[in-house]
Every structure is written in structure tokens, then in C-alpha cells.
There are 2 protein chains.
Amino acid sequence: MNNFEFKNPTKIIFGKGSIEKLSNEIPKDAKVLMLYGGGSIKKNGIYDQVKSALVNMEIIEFGGIPANPEYAVLMQALEVIKEQNITYLLAVGGGSVIDGTKFLSAAALFEGDTPWDILAKNIKTEKGMPFGTVLTLPATGSEMNSGAVITRKETKEKLSMGGPGLFPVFSILDPQVITSIPERQLANGLTDAFTHVLEQYMTYPIDAKLQDRFAESILQTLIEVAPQVIKDPTDYKAASDFMWSCTMALNGLIQKGVPGDWAVHAIGHELTAMFDIDHARTLAVIAPSHYKFNFEAKKDKLAQYAERVWHITEGSTDDKARAAIDKTVAFFHDLGIDTKLSDYTKAYEGTAETISKRFTEREWLGLGEHKSLTPDMVEEVVKMAY
Amino acid sequence: MNNFEFKNPTKIIFGKGSIEKLSNEIPKDAKVLMLYGGGSIKKNGIYDQVKSALVNMEIIEFGGIPANPEYAVLMQALEVIKEQNITYLLAVGGGSVIDGTKFLSAAALFEGDTPWDILAKNIKTEKGMPFGTVLTLPATGSEMNSGAVITRKETKEKLSMGGPGLFPVFSILDPQVITSIPERQLANGLTDAFTHVLEQYMTYPIDAKLQDRFAESILQTLIEVAPQVIKDPTDYKAASDFMWSCTMALNGLIQKGVPGDWAVHAIGHELTAMFDIDHARTLAVIAPSHYKFNFEAKKDKLAQYAERVWHITEGSTDDKARAAIDKTVAFFHDLGIDTKLSDYTKAYEGTAETISKRFTEREWLGLGEHKSLTPDMVEEVVKMAY
């Protein structure tokens, strides 16, 4: 096991009816900016639940944060924060709204020239404006971690940020929110969480026994509940297992003391930036090719995954490893998630070269758990995903 | 899954050489009281490592905190805290030293009549004096939770305390400390952590899929590493898996959203108070009888444990459940841990009646996950453990 540090101070309030408890968590004298997305919370009743929980507080609202939270929109929200002397942020939404709120938490207290530097120069935020979240879509784990990904459309960039100051103070997780999520979003959430675990698990093996088993536990649980969640989002039991699994998939715990990969995300982000493909779907496109391309380096862990998660016990290490990739692809297909780039766009030719070129133009730090993937290799991975 | 709240702000610093990082974690202007036990840290080098990490700080020491931390001794430490205007506590030890430090953290800021009330009236501590820990013995999980158990010899009482103010600010976990732990203590640590998981898992099933699998992951890992840890405590890999498993066994995570039992601990504490039997060993004495006595209520979960942890796939639910109890007993025996009260004392006759009487004389809130165990039932459980 590698040395590690772990601290996650976010308070989770989980369960039926937990949105009601909101007012206990926000200081009485706070001036709150409530942030949300395209307005689905007004249709599904979550907006009303939040407003009624906070009936005695002064709340200013900022809606319209898009999926892949967009820098220009967030800069408008930042102006509201400054003009209105906001002291507390409340994200009501999924990963995009929460990530956008994290950017605002950092930007509100940022003392540099332009908040864009937080992203462009990857400045770690030690202290942000305090914020809480009401999660409306289980998927990204953003509700219990300190990272965020922000998009800037004008430059087609999608960049990461984070720091110990960006953990939500609290996050409210009521699995009942799942009842009104469209199937497409549920499938995305399942795929996103599943791939988060793979990124932290599918590396060279270092046999960190507990971390491996926790990762496998999340994968097994997602596989088990996925059909139930898709078939009947009102199944509260399945919804709770799903929601808690998504949070645990990316709250830092399973990545501690082990190598991490994250190449699938880095390449996937480019596909979203280029074609506006849903984040989760880009992961399902890239992951299988990535594992095939890096087969020799990853086959031992793939075989362990085959045995423990998919119960594949026959054959050689190579056989099991290959079967595990096939099972993963089939899992995505069962969710209605396509796994080839050509399923999403007819204009896929040249994508690999474009991405490789973009990577070459940036400061290249390498990708994968050994940081050994070059832009040329990425080009191959993307071609395999056509 | 039941509704739950989860927050655990303790910072974990895990790995080889992590004691060196101590000075980064304690405020420069703190006046520190360093607490430790019987002095083994002076023989195994941990004392020197701590002192050298804190060479530029003002440190006052208080050694001699006994196993099952004793109220009268802690009251002497409390006097030192007050006389010396201590502002920060540092526990260097195992669960007993850390639990004692938690009591002091609470008592130092307590405004009631007597600190005994914290225990006797079970007063939750919302804010304690800040403290960190350097863990020298993996076992209790106290390094990453907010609970403590304190003993008062004069009344033969062993009482629990806790509260959100009693999480360590940080805990340093260097698996190298295991090299100098005597086999008896290693066996105790393994048994203690294993039983902690059982208390949070071996209840009526509510099929919280992730919590169950996480609990099973810890049990599997402890079973796998136990022989290695006992055979060669210098095996760093096994030591790290062991150490992290003990912490995860009782840091709150696996108990969230599920019922908990804790009858084994409640009864076991009485055996320690009466006969001074090592805490972990009392758990190994009581757990098998408890599961046999409450077989009907627990057999479904016992059978799940049989299948997933012990790979017992043959037979009926009852068969598997019984086999799982036998496997558990055999696991304790392999560690050199006796599982019958008569192995520890010749004066066992009458113990069941004494414990039952003690329970009857206290305010009785019930034991077990349904709080349905009566003192009479406890009497039967203890008799089965003779």
C-alpha cells in the first residue's frame, strides 16, 4: 500500500425526507445564493421542497447552470455573489451544478487577477466560500469530494480544479429524487459511477486488499441494482443503494494508498468538448479501448475484476481479462449506452488526430497510472474506439 | 436502507515514516500534553520518533494510562491540563490511551459539576479540547471515531461516552509500529476489529448492499492477513492491510443506514470489569454464544456471512449459519484466542447471574439490534459461554 493522507469533512444527510433538514445546516445569518440548472427542479418538486425548508431565510437564486458547467455562465453568478454580498452557496442539482458551485466557492474568495487562473494554472483552493448541496442526480460523487470540472465553450476546454477548501459543508441525499430522473440520465449516472471506480481500480496491481475489495463492492452493487433502477426508479431500496454507491465511488476513500489511472476521463473530456457527448457516454466509449490498448499492463487487475466482480473463473489470465472487458461493454449496452464513437457522430474521422494534437500543444504530463501514455498512444486508443 | 447522517472529519496520515509529519499537524503555539501508556513506546522507539518530530515544541508528558483507561488516573492528567494551561492533547498509544485522551478532551472543557457525569449521565460532547493521535496498536478504531470507553475500578464500571466534538483532529498510522507489538496484542487487535464488524453486520438483514459488502470486505481482509501478521509482524504489506482494516472497522462508515447490535460489547465489558480479561477476548467469548442464542433472528445474515466470507455454499440456511459460527470460533482459536469463559477463570460459576443482576440494577434500555434482550436472556448467553 502506498502512503496516503485522507480527510473528508463533508456531512452527509441521507434518506427519505432529508431535504426538510436543510435549515439546520445553514447558519441563520447567512445570505444564501441558491444555484440550480435548467429548471427541472421546478417540475419535480425539489425546488418547492428546498424553498419550503428555507422559508425563513433570505435566498437569492441563480438558475440556468448548464450540463458541463460553463465558465461564462458562472462568471454571471460570480457577479451576483459580489453585488449581493452573498456569504453561503447552496447547490441544488447534479454534478454540473455542484461543480459550478465549487468554482464559485473558490472564485468568490480568489485574490488573483482572473478566476480563470484557478483552472488554467490549476491553483489549489485552501479556503472557499462555504457551500452545501442538495443532490438531485446520483452520478459524479461531487457531493462528497473537493474536485470540479469546468468547461469554457469559446476555447473548447474542459479543465479540472480542486483543493481541501472545496468539500461541501453538507450534502443532502434523498433517494426519492430518483423517481423523476429520465432513464437517459439514470443510465449516465450508473455509467459515470461505474467508470469512476474503474479509474481508481483498473491499474497495475499493488494488492491493497481493502481498497480493492471496497472498489469491487461498489462495482458489484452498481451491477446488481442497475436493472432495478432503470426499470423502476420509484424502487426506493434500489435507489438508495445506487445513490450511496455513486457517492462512495468518488469521495476519495477507494483511491487512497493505490495508483489511479484517469486517462479515460482525460480523453473522454475531449470528446465532450468536441461533440457535446454526455460525459458518462464518453467514458463508456473510451474505457474498453483503453483497457485493450494497455492490456499487458492491466491484465492482472482485469483478471481479478473478472473473477471477483463477474465471477469468471475459467481460462487463463488473458482469457479472463478479455472476458471482463466484454462484460463491461455488455453492462453499458444493457443500460442503453453505446460504446463506439461512430454511434454518436458521423464526423468521427480525424478525431483521434485532433485529440492527439490538442494534447501535444498543451503541457503534456502523461496519462495513465504510470503517466506513460503519450499523445500518439492516445491517438491509437481513440481510433480503437471509432 | 435506514436514514442516516455521516460526518467524519479526522485527517488520516497513513504510511511508512508518517510520524515525522507530526509537527505539521499541531498548531505552533499549542501547549501540548502528550499522553501514553505503560512505557512500551520508550522501548520500541516510537517515543523517540515523536519527541524528535516535535523537538521545537513545548511538550508536557503524562504516561501510565492503563489498559481499560482508569478514571482515577485520568483525573490526575486532568489536573495537569488545568495547572499547566494545556491547549492541545496528543495521544501516543492504542485504544486505551486514545479513549483516555478523548475523556480528557471532553473533561477539559466540561462545565458541569464533576467530569464523571460525562460518563454516568452519558453527556454528548459537542466541543472538546483538540487532540491528535499517533496509533501504536491497530485494534479499536478509536483513532478515527468519536467514541470512548472508560473504566472506574472502585465501582467496577465500564461506561461509554462520545459526541461530535471527540473526533481526533488527525491520526498518524504508521504500519511499522506493528513490528514491536507482542503476539498476544496482535491477536487481540485482530479479534477486536473482527468483532467490531460483526456487531455492525450480524443483525436482521435489511439488504443494504454496499454496507454489507464493505463489512464483508473488512472481514475477508482480516481473515486473509491474520496469519501473516501473527507469523511476521515485520511484513509491511500485511501490516498495512491490517492497520487500515482496523480503522475502517469502526470509523462509522459501515454502520450507517443499517441496524447495529453491540450486545457482545455490552456483555463483554462486564467480563473485563469482573475478571480483567482482555477486552478483545471477552468479545470472542460472548459472540459465539450470542449468535447461537439469537440464532433465529440472525440466521439469515449468518448464512450470508457464511457464503460471502467463508465461501460455504452447501446446505440449508440453518446449516450455513451454524457452520459460520464454527468458522468464527476456529478463526479465534487459530489466533490463540480462547472462546470459553472457563478458559480464563476457574471462578466462572455465578458470573451469568451477577451480570444479569448488574444489568437489572441499572436503567435497562435493552440490548441487541431490537433492544429486545432482557437481563434474563443475557444470563442465558453468558451461561452458554462458560
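Quick caveat, the model's predicted, so the values are computed rather than measured. (Residues numbered from 1 in each chain as written. Chains lettered and ligands numbered in written order. Predicted model: local features only at pLDDT ≥ 70, side-chain atom pairs only at ≥ 80, totals over all residues. Heavy atoms only, no water.)

All names here are of chain A. Its place among the elements puts T351 in helix 14 (residues 351–361). With a relative accessible area of 2%, T351 lands in the buried category. Within the structure, the side chain of T351 is placed 2.5 Å from the backbone oxygen of Y348, a separation counted as a polar contact. Not counting chain neighbours up to four residues away, the residues in contact with T351 comprise L271, M274, F275, L341, V382 and Y386. (Helix = DSSP H or I, 4+ residues; strand = E, 2+ residues; numbered from the N terminus. Buried < 20%, exposed > 50% of the residue type's maximum accessible area, 1.4 Å probe, protein only. Polar contact = N/O pair within 3.5 Å; in protein donor to acceptor, adjacent residues only side chain to side chain. Contact = heavy atoms within 4.5 Å.)

Before going further, it helps to spend a moment on the side chain of D241(A). Structurally, D241(A) can be placed in helix 9 (residues 236–249). Reaching out from D241(A), the side chain makes a polar contact with the side chain of K237(A) at a distance of 2.9 Å. At a separation of 3.2 Å, a polar atom in the side chain of D241(A) contacts the main-chain amide nitrogen of K209(B). Beyond its immediate sequence surroundings of up to four residues, D241(A) is in contact with T221(A), V225(A), M1(B), D207(B), A208(B), K209(B) and L210(B).

Here the focus is the domain arrangement of chain A. All names here are of chain A. Entries for chain A in the domain assignment read domain 1 (11–176) and domain 2 (182–384). Just the C-alpha atoms count here: the centres of domain 1 and domain 2 sit 26 Å apart. Contacts between the two partners involve 23 residues from domain 1 and, on the opposite side, 22 residues from domain 2. Buried surface at the junction of domain 1 and domain 2, summed over both partners, amounts to about 2,000 Å²; 64% is from carbon and sulfur atoms. Scanning the region where domain 1 abuts domain 2 turns up 0 salt bridges. Secondary structure elements with two or more residues in the side of domain 1 that touches domain 2: strand 1 (4–14) and strand 7 (157–162). (Domains from an automatic or database assignment. Buried area = accessible area lost by both parts, 1.4 Å probe. Salt bridge = Lys/Arg side-chain N within 4 Å of Asp/Glu carboxyl O.)

Per the UniProt record, "domain: Alcohol dehydrogenase iron-type/glycerol dehydrogenase GldA" (unreviewed entry) is annotated on residues 9–175 of chain A. The annotated region residues 9–175 of chain A carries 29% helix and 25% strand content, and the separation between its end C-alpha atoms amounts to 22 Å. (UniProt positions renumbered as here; feature names shortened; annotations may be inferred.)

A separate point is the interface of chain A and chain B. Facing the 39 residues of chain A at the interface are 39 residues of chain B. When the two sides are added together, the surface that chain A and chain B hide from each other amounts to roughly 3,700 Å², 58% of it contributed by carbon and sulfur. Our count for the contact surface shared by chain A and chain B stands at 8 salt bridges. Of the charged contacts in the structure, one is a salt bridge between E224(A) and K209(B), with a shortest N-O distance of 2.9 Å. Scanning the region where chain A abuts chain B turns up 18 residue pairs in polar contact (both at pLDDT 80 or more). Elements with a minimum of two residues in the side of chain A that touches chain B: strand 1, helix 8 (209–231) and helix 9 of chain A. Classifying every residue of the side of chain A that touches chain B by side-chain character gives 18 nonpolar, 10 polar and 11 charged. (Nonpolar A, V, L, I, M, F, W, Y, C, P; charged D, E, K, R; others polar.)

What follows is about the nonpolar core. Y305(A) and Y305(B) are the most contacted members of the largest nonpolar core, which totals 268 residues. Among the elements that line this core, the one with the most residues is helix 8 of chain A, at 11 residues. (Core = buried A, V, L, I, M, F, W, Y, C linked by side-chain atoms within 4.5 Å.)

For the pair of chain copies, the relating operation is a rotation around an axis with a shift along it. After a rotation of 180 degrees and a shift along the axis of 0.0 Å, chain A superposes on chain B with an RMSD of 0.0 Å. When the rotation and shift are considered jointly, the pair of chain copies conforms to a two-fold rotation axis. Within chain A, the C-alpha atom positioned nearest to the axis of rotation is that of P9(A), 2.1 Å from it. Interface overlap between copies: 100% of the residues of chain A at the interface are likewise at the interface in chain B, consistent with a symmetric, same-surface contact. (Least-squares fit on C-alpha atoms with pLDDT ≥ 70 in both.)

Considering all chains together, one arrives at 54 salt bridges over all chains under this definition. R362(A) is the partner of E270(A) in a salt bridge, and the nearest nitrogen-oxygen pair spans 2.8 Å. With E270(A) in helix 10 (residues 263–275) and R362(A) in the loop between helix 14 and helix 15 (375–384), this residue pair connects regions lying 92 residues apart in the sequence. Via salt bridges that share partners, D207(A), K209(A), R213(A), E224(B), K237(B) and D241(B) belong to a single interconnected network.

Turning our eyes to something else, we now look at the sheet that holds strand 1 (residues 4–14) of chain B. Strand order in the open sheet made by the 12 strands is 3(A)-2(A)-4(A)-5(A)-8(A)-1(A)-1(B)-8(B)-5(B)-4(B)-2(B)-3(B), with mixed pairing throughout. At either margin of the open sheet sits one strand with a lone partner, and together these are strand 3 (59–62) of chain A together with strand 3 (59–62) of chain B. Between one strand axis and the next, the sheet turns through 25 degrees on average, direction left out of account. The pairing of strand 5 (residues 131–135) of chain B with strand 8 (residues 170–173) of chain B spans 3 bridges and is parallel. Within the sheet, the bridge partner assigned to G132(B) lies in strand 8 of chain B and is F170(B). Taken strand by strand, helix 4 (residues 71–83) of chain A contacts strand 2 (32–35), strand 3 and strand 4 (88–93) of chain A, and its axis lies near 160 degrees from that of strand 3 of chain A. (Pairing = 2+ DSSP bridges. Axes fitted to C-alpha atoms, helices over the stretch in contact; angles between N-to-C directions.)

Attention now goes to helix 13 (residues 317–334) of chain B. Residue and element names in this part refer to chain B. Along its 18 residues, helix 13 runs 25 Å from first to last C-alpha, staying within 8% of the 26 Å computed at 1.5 Å per residue. What helix 13 keeps buried is the set K320, A321, A324, I325, T328, V329, F331 and F332. Each element contacted by the buried residues of helix 13 is listed here: helix 7 (183–201), helix 8 (209–231), helix 11 (279–293) and helix 12 (295–310). Backbone geometry just after helix 13 places G336 at a positive phi near 85 degrees. (Expected span 1.5 Å × (residues − 1).)

A separate point is the packing of helix 7 (residues 183–201) of chain A against helix 11 (residues 279–293) of chain A. A pair of packed helices is characterised by two quantities: the angle between their axes and the separation of those axes. Residue and element names in this part refer to chain A. Remark: helix 7 packs on helix 11, axes separated minimally by 8 Å, with the N-to-C direction vectors making an angle of 40 degrees. In this view, helix 7 runs oblique relative to helix 11, as classed from their interaxial angle. The hand of the helix 7/helix 11 crossing is left-handed. Judged by residue contacts, R184, A187, N188, T191, D192, T195, H196, L198 and E199 of helix 7 engage H279, A280, R281, L283, A284 and Y291 from helix 11. Of the residues belonging to the contact of helix 7 with helix 11, the class tally is 6 nonpolar, 5 polar and 4 charged. (Parallel < 35°, antiparallel > 145°, perpendicular 65-115°, else oblique. Left-handed = near helix turned anticlockwise from the far one by under 90°.)

We now examine the packing of aromatic side chains. Applying the stated rule across the entire model yields 29 aromatic pairs over all chains. Between Y36(A) and Y47(A), the aromatic rings sit 5.9 Å apart at their centres with planes inclined by 75 degrees, giving edge-to-face as the arrangement. Taken together, the positions of Y36(A) in the loop between strand 2 and helix 2 (40–43) and Y47(A) in helix 3 (residues 46–53) put the pair 11 residues apart, joining distant regions of the chain. In terms of burial, Y36(A) and Y47(A) fall into one category: buried. The ring centre of Y201(A) lies 4.4 Å from the NZ or CZ of K301(A), which sits over that ring. The ring centre of Y47(B) lies 4.8 Å from the NZ or CZ of K42(B), which sits over that ring. (Phe/Tyr/Trp six-rings, centres within 6.5 Å; stacked < 30°, edge-to-face > 60°. Lys NZ or Arg CZ within 6 Å of the ring centre and 35° of its normal.)

Residues and elements named next belong to chain B. Where helix 4 (residues 71–83) contacts helix 5 (residues 95–108), the axes come no closer than 10 Å and their chain directions differ by 50 degrees. Taken as axis vectors, helix 4 and helix 5 run oblique relative to one another. For the pair helix 4 and helix 5, the sense of crossing is right-handed. Of the residues in helix 5, those touching helix 4 at Y71, L74, M75, A77, L78, I81 and K82 are G100, F103, L104, A107 and A108. Grouping the amino acids of the contact of helix 4 with helix 5 by side-chain chemistry returns 10 nonpolar, 1 polar and 1 charged.

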